[in-house]
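# Topology and contacts: notes
Residues per chain, in single letters:
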Amino acid sequence: MANATLAAWTGVLHVIYNDNAAGSVNLPPLATVPTDAVMTFTRKGGGVPTILPAAGETFGAGVNAQAVTRSGILMNNSEQWVFAGS
């Protein structure tokens, strides 16, 4: 619920955002997350969360933030974050 900063993870991490208010979820630096780690992200409540990469990092195509309206999968390709979903 609400704003959060995630620590590095290995394997599969599932995040469920269950809040009626919009908020942000800050990612750890790319270098701390293995390239075989995967995050699934689901919006459950009414608020739309925004995923933010660490300072100086981006999602594919140079995008600086990713709003999640339903669900998605997040991966580290060692150069940037990759998000697939809506």
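Counting restarts for each chain, with residues numbered from 1 along the sequence as it is written. The predicted nature of this model means local features are confined to residues of pLDDT at least 70 and side-chain atom pairs, given and counted, to a pLDDT of 80 or more, with totals for whole chains, interfaces and linings taken over all residues. Values reported for side chains reflect all heavy atoms of the structure, with hydrogen atoms and water molecules removed beforehand.

## Side note on the packing of aromatic side chains
For this analysis, a ring pair means two rings from Phe, Tyr or Trp (six-membered ring only for Trp) whose centres lie within 6.5 Å, classed as stacked if their planes differ by under 30 degrees, edge-to-face if by over 60, and tilted for the remaining angles. By the definition in use, this model includes one aromatic pair. Ring centres of Trp9 and Trp81 lie 6.0 Å apart, and the angle between their planes is 20°; on these two criteria the pair is classed as stacked. With Trp9 in the loop between β1 (4-5) and β2 (12-17) and Trp81 in strand β8 (residues 81-85), the pair connects residues that are 72 residues apart, well separated along the chain. Each residue gets one of three labels from its accessible area relative to the maximum for its type: buried under 20%, exposed over 50%, partly exposed in between, using a 1.4 Å probe on protein chains only. Overall, Trp9 belongs to the buried group, its relative accessible area being 8%. The class of Trp81 is buried, set by a relative accessible area of 0%. Starting at the N terminus, helices and strands are each numbered in turn, a helix being any DSSP run of H or I of at least four residues and a strand any DSSP run of E of at least two.

## Things to note about a nonpolar patch on the surface
What goes into a patch is any residue over 30% in relative accessible area without a salt bridge, connected to like charges within 9 Å or, for nonpolar side chains (Val, Leu, Ile, Met, Phe, Trp, Tyr), within 5 Å. Only the protein chains shown count as cover for residues, and all accessible areas are computed by the Shrake-Rupley method using a 1.4 Å probe. The salt bridge criterion pairs a side-chain nitrogen of Lys or Arg with a carboxyl oxygen of Asp or Glu, the two atoms within 4 Å. Taken together, Ile73, Met75 and Val82 make up a surface patch of nonpolar side chains, about 210 Å² in accessible area. If you trace the backbone, Val82 turns up in strand β8.

## Here we look at unusual backbone geometry
Even without being a glycine, Ala61 presents a positive backbone phi close to 65°. Given the relative accessible area of 80%, Ala61 is considered exposed. One non-glycine residue with positive phi stands out, namely Ser78, at about 75°. Counting through the fold element by element, Ser78 comes out in the loop between β7 (71-76) and β8.

By themselves these figures say nothing about function.
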